[in-house]
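# Working through the structure, step by step
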Amino acid sequence: MITEGNRIYNIILKNIASNRTLTMNKINPDQSAASAQLGQRSMQAVWHPCTQMKQHENHPPLPIARGKGVWLFDAAGNRYLDAVSSWWVNLFGHSNSVINAAIRDQLEKIEHVMLAGFTHEPVIALSERLKQITPGSLGHCFYASDGASAIEIALKMSFHYWQLCGKTHKTGFVSLQNDYHGETLGALSVTDVAIFKQTYAPLLRPCTHVPTPDWRYAETGESAEAFALRAADALERYLAENHAQTAAFILEPLVQGAAGMGMYHPVYLQRARLLCDRYQVHLILDEIAVGFGRTGTLFACNQAEITPDILCLSKGLSGGYLPISVAMATDVIYQAFYSDQISRAFLHSHSHTGNAIGCRAALATLDIFAQDNIIEANKTKAAYLNRIATKLAAHGRVKNFRNCGMIWAFEVDTAMQDFASACFQAGLKHGLVLRPLGKTVYFMPPYVIEEPEMDLLIDGTLHILDTLSA
Ligand SMILES: *Cc1c(COP(=O)(O)O)cnc(C)c1O
């Protein structure tokens, strides 16, 4: 054990030594002043998301001038490893040549045309491809612009389906404790993350949240599978009693992202599928964050070998380039709306539905998956990161070090009140973009990350933990 530990430790040291020069940022004072000025202008004119703007008095937003691969470059020329894939959206790096070329090509043809009454090759091709690569018979793609809008579509579609079937009491939704589905009012109703939800509670529809299978909440000695089955029993009790009033069960499969990358056993999804079938409740899977390879399979639901009734995708769909999302529905749902009566149609719309440039970015993204055998390549990368992370996992302040596909997370044992922002600032100093969720630090790097970059990530994180603990 000790020898193995030392061996890995030595490898880490060697890599640190060989990469030191790579991390040096050359600061040009003129560019630095220009960068600071941009930060100030942003504070005057831009209202930044998920931000108490007054905190920017101490740390103005960092102006990014360009990106390449896993790296972001600020206006002063410093570089930062994008370890959170720009809020979980980026898959194949910034300024990816394949996606850039597809977008340029599309720009010369048609940038956008309304999808009501019109169609175009990119939206048709993308819908056909998505149908092919998703499990089961998710035969119909309804597009929107962002994740929350795809959730709104899924909720309205499920409700409307039951109305059309004469089951008019099925108006309720159930989701998982700690689930996150976005922040528009419908999506926020089925979300269970207090900091986003509390203030707006009077505006929201009531929604039940059944116990989470997130393994961090298990009893000591309880396996992930046993705990997931126990959580599924709670779902069963809920549905047995309330199915007549329930339209759908919506959940984040395998990883509850915003809750702090809570990971759970796929057996929960299998049980959820069985229960939803038994009680005639739609199963809506929100794979907005976990779809497209994040959990180690193309879709998280592949690991449970199940098909949802509605599947929501966004974030990585366009490689993280453009705001595009989709709610994919089964043929059964689609058929219920198909009628001579206009009133039975799904009369929902967004101005940018099926945007042609977004669809081309998505098609290029799917091409990369196929051509570069990404799912297999990621297994090798994940194994390497796990190998070099042994010292981090064993760090005195690190708890629950965990990994699922291309997501890593751990809790930091600290009394620091503002740990998340302190860690973010310390990360920038070390050339890393880390954005902890409370006391949970996570890595969700673009899939183009290479071994020396993973070394920098682990080395930098260890430094940051030691600095913040001191
Ligand atoms: C990000 C996210 C959403 C919302 O997507 P937006 O594009 O931010 O509206 C919904 N569900 C999950 C699981 C997400 O991670």
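Numbering of residues begins from 1 in every chain and follows the order in which that chain's sequence is written. This being a predicted model, a pLDDT of at least 70 is required before a residue's local features are given, and a value of 80 or more before pairs of side-chain atoms are given or counted; all residues contribute to the totals for chains, interfaces and linings. Calculation of side-chain values draws on the structure's entire complement of heavy atoms; hydrogens and water are dropped beforehand.

Frequently, the measure chosen for interface size is the accessible area that the parts lose on association. For each domain, the first and last residues come from an automatic or database assignment. By the assigned domains, the protein splits into domain 1 (4–82 + 377–469) and domain 2 (100–372). The gap between the C-alpha centroids of domain 1 and domain 2 is 30 Å. The partner domain 2 presents 16 residues to the 20 residues of domain 1 that form the contact. Accessible area that two parts lose when put together, with a 1.4 Å probe and added across both, is what the buried area reports. Sorting the residues of domain 1 by area buried against domain 2 places Cys404, Ile407 and Tyr447 first, and these three jointly supply 36% of that buried surface. Working rule for contacts: check all heavy atoms of both residues, and any pair within 4.5 Å makes them a contact.

As a further point, take helix H6 (residues 147–164). If you check H6, its first and last C-alpha atoms are 26 Å apart, about what 18 residues at 1.5 Å a residue would give, namely 26 Å. Note on classification: 1.4 Å probe, protein chains only; a residue is buried when its accessible area is under 20% of the maximum for its type, exposed when over 50%, partly exposed between these limits. Every helix listed is a DSSP run of H or I at least four residues long, and every strand listed is a run of E at least two residues long, numbered separately from the N terminus. Burial runs high along H6: 15 of the 18 residues are buried. Once H6 ends, the next one or two residues include Gly166, with phi positive near 80 degrees. To estimate how far a helix should reach, multiply one less than its number of residues by 1.5 Å.

Turning our attention to the pattern of salt bridges. Here, a salt bridge means any side-chain nitrogen of Lys or Arg that lies within 4 Å of a carboxyl oxygen of Asp or Glu. In this structure the tally under the stated criterion is 14 salt bridges. Here Glu411 makes a salt bridge to Arg216, at a shortest N to O gap of 3.0 Å. Of this pair, Glu411 sits in strand E14 (residues 407–412) while Arg216 is found in the loop between strand E6 (208–210) and helix H9 (224–242), placing the two residues 195 residues apart along the sequence. Close ionic contact of Asp309 with Arg273 constitutes a salt bridge, the shortest N to O distance being 3.0 Å. Of this pair, Asp309 sits in the loop between strand E10 (282–286) and strand E11 (310–313) while Arg273 is found in helix H10 (residues 267–278), placing the two residues 36 residues apart along the sequence. Residue Asp309 is classed as buried on the basis of its relative accessible area of 14%. When salt bridges with common partners are traced through the structure, they connect Asp214, Arg216, Arg402 and Glu411 into a single cluster.

For the rest of this paragraph, the subject is empty space enclosed by the protein. In this analysis the probe radius is 1.4 Å and the grid spacing 1 Å, with only protein atoms considered; a cavity is a set of points the probe fits into but cannot get out of, a pocket is an open set with protein on both sides within 12 Å along at least five of seven lines, and lining residues have an atom within 4 Å of a point. Grid points are joined across faces, edges and corners, and a volume is the space filled by probe spheres set on the points. Scanning the entire structure with this criterion turns up two cavities of 30 Å³ or more. Of the pockets and cavities examined, the second largest cavity occupies roughly 30 Å³. In terms of lining, the second largest cavity is formed by Trp88, Glu252, Val255, Gly257, Met261, Ala289, Val290, Ile407 and Met444. Charged residues are taken to be Asp, Glu, Lys and Arg, nonpolar residues to be Ala, Val, Leu, Ile, Met, Phe, Trp, Tyr, Cys and Pro, and polar residues to be all remaining types, Gly included. A per-class count over the lining of the second largest cavity returns seven nonpolar, one polar and one charged.

Here we come to the pairing of strand E5 (residues 172–176). In terms of residue burial, E5 counts as a mostly covered element, since five of its five residues are buried. Being paired, for any two strands, means DSSP has found at least two bridges between them. As defined by bridge partners, E5 adjoins E6 across three bridges and the pair is classed as parallel. By the bridge assignment for E6, Val174 is matched with Thr208.

For this analysis, a nonpolar core means a set of buried residues of the types Ala, Val, Leu, Ile, Met, Phe, Trp, Tyr and Cys, connected via side-chain atoms within 4.5 Å. Grouped together as the largest cluster of nonpolar side chains are 108 residues, with contacts concentrated most on Leu130, Phe249, Tyr268 and Phe443. A total of nine residues in this core trace back to one element, the largest contributor, which is helix H12 (residues 356–371). When residues of this core are assigned to domains, at least three map to each of domain 1 (4–82 + 377–469) and domain 2 (100–372). Dropping the residues within four chain positions of it, Phe443 is found in contact with Ala83, Leu385, Leu392, Met406, Ile407, Trp408, Phe410, Leu434, Leu457, Ile458 and Thr461.

Another aspect to go through is the layout of surface pockets. Reported here for the second largest pocket is a volume of approximately 810 Å³. Lining the second largest pocket are 30 residues, with Leu115, Cys141, Phe142, Tyr334 and Thr353 sitting closest to its centre. The set of elements that each furnish at least two residues to the lining of the second largest pocket consists of helix H5 (121–133), strand E4 (140–144) and helix H11 (331–337). By residue number, the principal contributor to the lining of the second largest pocket is H5, which donates five residues. For the lining of the second largest pocket, the class distribution of residues is 16 nonpolar, 12 polar and two charged.

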